[in-house]
Each structure stands twice: as C-alpha cells, then as structure tokens.
Amino acid sequence: MKIIYALFAAAFAALAIVPFAAPWLQFVLTIAIAKGFAAVGVALLLRAGLISIGHAMFYAAGAYTAAFIVLWSGISDLFVLLIASTLVTAAIGALVGAYLVRYRAIFFAMLNLAVSMVFFALLSKLYGITGGTDGLRVPVPTVLGTTLTKAGFDIVLFYVALALMAIIAGLGVQFLKSPLGHAVGAIHTNEVRLEYLGVSAWSVLLIAYTISAALAGLGGAIAAVSIGHVLPEYAYWTESGHLVLTAVLGGIGGVAGPFIGSIFLEIVHTVAVGVAHNAWNLIMGATLLLVIFFLPQGLYGLVTKSADKTSSAKLGENKS
Amino acid sequence: MSQPLLKAESLTIAFAGIKAADNVSLEIEKGEFLAIIGPNGSGKTTFLNLCTGYIRPVSGEVYLEGEPITGWAPRRIARQGIARAFQIPQLFTDQTVRSNLLLGIASRQGVWDGLKPLARRRYQEEADELLELLGLSAHADAIAGTLPEGLRKLADITLALALKPRLLLLDEPTSGVSALERFSIMETLMNAMRTKGLTALFVEHDMEIVERYADRVLVWNSGSILAQGKPAEVLQDPRVVETVVGVA
Ligand SMILES: Nc1ncnc2c1ncn2[C@@H]1O[C@H](COP(=O)(O)OP(=O)(O)O)[C@@H](O)[C@H]1O
Ligand SMILES: [Mg+2]
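Described in the following lines is the structure provided in the data block. Just so we're clear, the structure is a prediction, and the values are computed from it rather than from any experiment. (Residues numbered from 1 in each chain as written. Chains lettered and ligands numbered in written order. Predicted model: local features only at pLDDT ≥ 70, side-chain atom pairs only at ≥ 80, totals over all residues. Heavy atoms only, no water.)

### Examining the site of ligand 1
All names here are of chain B.
- Neighbouring ligand 1 are Phe15, Ala20, Pro39, Asn40, Gly41, Ser42, Gly43, Lys44, Thr45 and Thr46.
- Residue Gly43 places a main-chain N or O atom 3.0 Å away from an oxygen atom belonging to ligand 1.
- Thr46 places a side-chain nitrogen or oxygen 2.5 Å from an oxygen atom of ligand 1.
- Protein burial of ligand 1: of its 560 Å² of free accessible surface, 59% is covered by the chains.
- Sort the elements by how many residues they give to the shell around ligand 1 and helix H1 (residues 44–51) lands first, with 3 residues.
- For the shell around ligand 1, a count of residues per class yields 3 nonpolar, 6 polar and 1 charged. (Near = heavy atom within 4 Å. Polar contact = N/O pair within 3.5 Å; in protein donor to acceptor, adjacent residues only side chain to side chain. Areas by Shrake-Rupley, 256 points an atom, 1.4 Å probe, with all protein chains shown as cover. Helix = DSSP H or I, 4+ residues; strand = E, 2+ residues; numbered from the N terminus. Nonpolar A, V, L, I, M, F, W, Y, C, P; charged D, E, K, R; others polar.)

Given below as structure tokens:
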C-alpha cells in the first residue's frame, strides 16, 4: 500500500511543475481538477448505488454563485468566492437532496435530471438576473487583497486547485474509512440491514448528497474564475452525463479515481480535438469501452493493481 | 408485577385476502427463549416483520416493555433494542465479516462520524470478542458474501448481537445448515445468549432443536396460534402433530 502513496506523490509533483514545464496544460488541468471535484461528488453517490444525471446543476450553482457575489457585492477575493460558493451550493444540495434522496434507481437518476433541466431553463430564461444564454462575465478575482494580472491569477488558481485537490483527497480517504463512509456503501449493498441497525438511510444519503453538491459547487466556482465567464451550459444534462462518465472511467474505488478520470478525459479531449476534430466522440467512446471491458474498477483500479503488484513483488509475498 | 418484554395484541394483517396474522396475541417474558414452529407460509416471518416495523398491522398493537411501538420504522425499533436476524442472511456482502460487525457496533452511537476510522481499537476489540463468542474468528477477514450459507447465517446473528439488543428475533437460525451442524450452532448460540443474558424468540423447523432448547413453544398455523406451552407437552398434542410435525 505504501507504493501507492509514492505514486500519488510523484504524480502530484509532476502536476506541480506544469505551469513551468507545459504552460499550455495549465488551463486544461485547472478545469480538469474543477470537474474532478464534481466527479468526486457523483462518485460518492455512486458508492451508495445512486446515479445522479443532474450534478452539473451544482457545478453551475457554484459557478453562478461566484459570479453573483462579484457582481452584486463587489467582493472578489478568490478564497471568499470559493468558500461562499461551496457553502451556498451545499445549502442548495441539502434542499434538493431532502426531496430526492427518498428515491432509488431510475427514479433518482431521472429526478436529478429533471431538476437539473429546470435549473438550466431558469439560468437561460431569467435574463435579468443570470444574463440568459449570454451568461455572466466574472472579473479576475483578487487574492488575499492582492490584485493580479489574469496570467498571474491563473497560476495562483492552478496551485490553489491543486492544493484543494490534495486536501479533498485526504479528507475523502478518511471519510471512506469512517463509519459514515461505510454507511454510504451499505446503502448500496443492503439498505434493509442498515435500517435494522437503527441507521436512517435517508439521513446518511442526505449528508452524502449535500457533500456531493458542495464538491460540485467548489468545482464550478473554480471553473468560473478560471474561464472568467459562466453560462447556462454548465448545467446542461450532457455535462451531468460527462461527470458520471468521468467518475466511472476514473473509478469509484477511491477518491483519486474521479480526479484521474477527469484529468485523463480533459487531456484526451484537448489532444483529440487538436488531432482529429471530427473523431473526438469516437475516440471518447472507444476509450470508455476499453475501460469498461478491461478495467472494471476504472483507471484507479489500474493504479492500485500495478501498485499492489509492485509492492507484493518487493516483499516476496502474495497479498490479495 | 413485571412487564412482559414484548407484548403483541390482536395483530392482524392479510396479503391478497390471505391472513398472515389473524388476531395474534402473545407475550415474551424477560430471559425467556421462545420458539415458534409452524408450516411454511403460516405467517412466522410475517410476525417478525410486524414486531420490527417492516410491515404495519391492519389492526393490533405491539408493546416493548409497555411502550407501544406499533407502526414505528425498523430503525427506530432497532434503536429501542429489538434486533433481528433474517431467514435469508442480510449482510453487507462486499465487506469482511469483521467490517460488518464494526458497522453494527458503531451504529449504536449513530454512524455520523465521517472522519475517524470505523476500524478503531475499541470497536475492533468488541468485534473480535463477538467473533470469538460465535466461533467466527477464523472467518473474520472473509468477505461476507463469499461464505457458505451456514456461516452467513451465523454472521447475520452476530451482527444482530452487535447491537446489544434487549430482545433478539431469530428467523430459522439453523435452516440451510446440515443436520450435523445444527446442534453445534445451537450450542454456540445458546452459550452466547446466556453470556449476554438475552431474551430471544426463534422460528425453527427442527423439532429436536425446539425440544432441546426452547423454554416455551408456540405453534403457528394459517396466521394464528394453534397451541402453546412447554415443548415436551405441546409437541405431543395430536393437533400439533397433524399440522406441523406430520408435515415437517
Ligand atoms: N410482503 C408480502 N406481500 C405479500 N404476501 C406476503 C408478504 N409477506 C408474506 N406474505 C404471504 O404471507 C404468508 C405468510 O408468509 P411468511 O410469514 O413468510 O410465512 P412463514 O415464515 O411462516 O413461512 C405467505 O402466504 C406469504 O406468501
Ligand atoms: Mg419464514
């Protein structure tokens, strides 16, 4: 198990030198990490056996909250925006979740989709507030009171996103090992037994749903300040589908999975669009098929498997 | 005068016109080991479902030490101290047996802790103690879903015990187990019961087991109680022999 930490540390170090080694990747990775937060949220619900095809609404909620705060209050500090957007989205998630976490299977998936479509429609139609289909522009935030150029801000944002990713991954690993984390998985394996242990599956799911919304909101806020523009498309159902795909592709076995999936997809996307513009969907589809057939645990499974192999080879024992 | 631990009063429920509980009344005294026997489909499991809130009776009441618990949700009844093991084991099949128990133990305080590990020392020690008591130590690290049925049933019972219940309901603890293993499982179970000073109700098919272990036996037939009393007497009753023993 030690080797996997070394692997992650190496990957993290590689990411950290991107602004200098491969500046063209910096924006791509910032967005990948932003979407990664949302995909982690989706993955958390997947562990409970629930597929949300609507989580882009929380990504959009985080993005629009950041935009509203800047436009309405004039406060534009990066950290205030990130924290406030996360909290507001958590509150929206708790409200929506209180209604939705009663449902299971296809009903849960479809209701999330339905609510997100209403959300998308509101963002598109409420022109006076949301700017309609034109969206809203988000000026470059300050960082702890310091005004930066867009280029300078982008570098800071990249490192902030990277640090947040590490923090969320650390907390996530602890969460999955905790009683609450186990209870989330228990809803998937045996909800009846969980209730017979005296645990309210509804409450467990509401907490999980709120956390998942908050994570998506954080991602949305990062995207908003990175792109500098928020659009109703952030909430569109294909974006929600993309998040599910990211989570499944990356793997829901660990917190790193969705981030790996997101970074992988964004890079493949960037490369594929550049190389074969029209074949982008084909490449994506083929990639997904390969992963589903050969890596049922997602890309994360590939990482843990190879790490396991190396470590047991080293110790000369056959751990399973 | 002490209250009965559990009291059911005139419980009635029907499925598609068939009465699975027809005006059932019974009491379980503290410390008692009560058996229920009866043909398949006579409503034994339904009675456990009614007592634990899984289904609601059309009429009638259930009391736990005098407190009405009719219509409460299973989780609320579980928190009041009625634990249940199932006819078909209900485990978290993708987890180890130990991890199943850890969640059971943790759930007594609610599972709201999202940061400290479930596998903390205090829970581990308690889980290991339970595993030892039920003779499951060797299977502690096996994935629950991969165990043979007999062991899964035992793990299911152990998970119910992890709740430190006041009353334990067991639905055919020895079904799906070879005749040879039955008695050893029952010995283990009885030992655990005595150690914990538990009151239990168990549904059972095997007459020898009922005769050997039950303090009292209820005979179920078509949703109502046909006879009850000391096993030695009840099992001689010609009506009982006809409906139950003859069938089994
Ligand atoms: N949830 C249910 N819905 C419909 N019918 C049920 C349900 N539960 C039990 N029954 C019916 O009630 C009767 C009693 O079943 P059950 O209590 O499982 O019997 P036993 O445990 O004694 O074998 C059977 O006819 C069964 O089909
Ligand atoms: Mg039954």
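On we go from here.
### Considering the coordination of the magnesium ion (ligand 2)
- Of the protein atoms, only Thr45(B) (OG1) and Gln87(B) (OE1) coordinate the magnesium ion (ligand 2), at distances of 2.0 to 2.2 Å. With Thr45(B) in helix H1 and Gln87(B) in the loop between strand S6 (82–85) and helix H3 (97–106), the pair connects residues that are 42 residues apart, well separated along the chain. (Donors = N, O, S within 2.8 Å, 3.2 Å for Na, K, Ca; no water.)

### Looking at the side chain of Ser99(B)
- Residue position: Ser99(B) is located in helix H3.
- On the accessibility criterion, Ser99(B) (10% relative accessible area) is buried.
- Excluding residues that lie within four positions of it along the chain, Ser99(B) makes contacts with His182(A) and Leu118(B). (Buried < 20%, exposed > 50% of the residue type's maximum accessible area, 1.4 Å probe, protein only. Contact = heavy atoms within 4.5 Å.)

### Overview of the packing of aromatic side chains
- Under the defined criterion, the tally for this structure stands at 15 aromatic pairs over all chains.
- Plain terms: the ring middles of Phe108(A) and Tyr209(A) are 6.1 Å apart, the flat faces sit at 90° to each other, and that makes the pair edge-to-face. You can see Phe108(A) sitting in helix H6 (residues 105–125) and its partner Tyr209(A) sitting in helix H10 (residues 201–227), a full 101 residues away along the chain.
- The buried category is assigned to Tyr209(A), whose relative accessible area is 0%.
- Measuring from centroid to centroid gives 6.2 Å for Tyr236(A) and Trp237(A), while their planes differ by 50°, and the two rings are tilted.
- With a relative accessible area of 34%, Tyr236(A) lands in the partly exposed category.
- Here Arg76(B) stacks its cationic end above the ring of Trp72(B), 3.5 Å away from the centre of that ring. (Phe/Tyr/Trp six-rings, centres within 6.5 Å; stacked < 30°, edge-to-face > 60°. Lys NZ or Arg CZ within 6 Å of the ring centre and 35° of its normal.)

### Thoughts on the interface of chain B and chain A
- Listed by partner, the interface residues are 34 residues for chain B and 24 residues for chain A.
- Of the roughly 2,400 Å² buried between chain B and chain A on both sides combined, carbon and sulfur atoms contribute 66%.
- Per-residue buried area on chain B facing chain A is highest for Arg75(B), Phe92(B) and Trp112(B); these three make up 25% of the total on that side.
- Between chain B and chain A we count 2 salt bridges in total.
- Residues Arg75(B) and Glu195(A) are paired through a salt bridge, measuring 2.6 Å at the closest nitrogen-oxygen approach.
- Our enumeration of links across chain B and chain A arrives at 15 residue pairs in polar contact (both at pLDDT 80 or more).
- Within the residue set of the side of chain B that touches chain A, elements represented by two or more residues are helix H2 (74–79), S6, H3 and helix H5 (149–161) of chain B. (Buried area = accessible area lost by both parts, 1.4 Å probe. Salt bridge = Lys/Arg side-chain N within 4 Å of Asp/Glu carboxyl O.)

### Topic: the pattern of salt bridges
Residue and element names in this part refer to chain B.
- One pass over the full model with this rule turns up 18 salt bridges over all chains.
- Among the ionic pairs, Asp237 bridges to Arg239, the shortest N-O distance being 3.5 Å.
- It is possible to trace a salt-bridge network through shared partners that takes in Lys30, Glu65 and Arg166.

### What to know about the sheet that holds strand S1 (residues 6–15) of chain B
Residue and element names in this part refer to chain B.
- The 4 strands are arranged S2-S1-S4-S5 in an open sheet whose pairing can be described as antiparallel. This sheet does not close on itself; its edge strands, each paired only once, are strand S2 (18–28) and strand S5 (67–68).
- Of the strands in this sheet, S1, S2 and strand S4 (59–64) are in contact with H1, which crosses S1 at around 120°. (Pairing = 2+ DSSP bridges. Axes fitted to C-alpha atoms, helices over the stretch in contact; angles between N-to-C directions.)

### Focus on the pairing of S6(B)
Residue and element names in this part refer to chain B.
- With burial as the criterion, each face of S6 is covered, one bearing Ile82 and Arg84 and the other bearing Ala83 and Ala85.
- Judged from the 4 bridges that link them, S6 and strand S7 (residues 167–171) form a sheet pairing that is parallel. Each bridged residue has a counterpart across the sheet, and for Arg84 the counterpart in S7 is Leu169.

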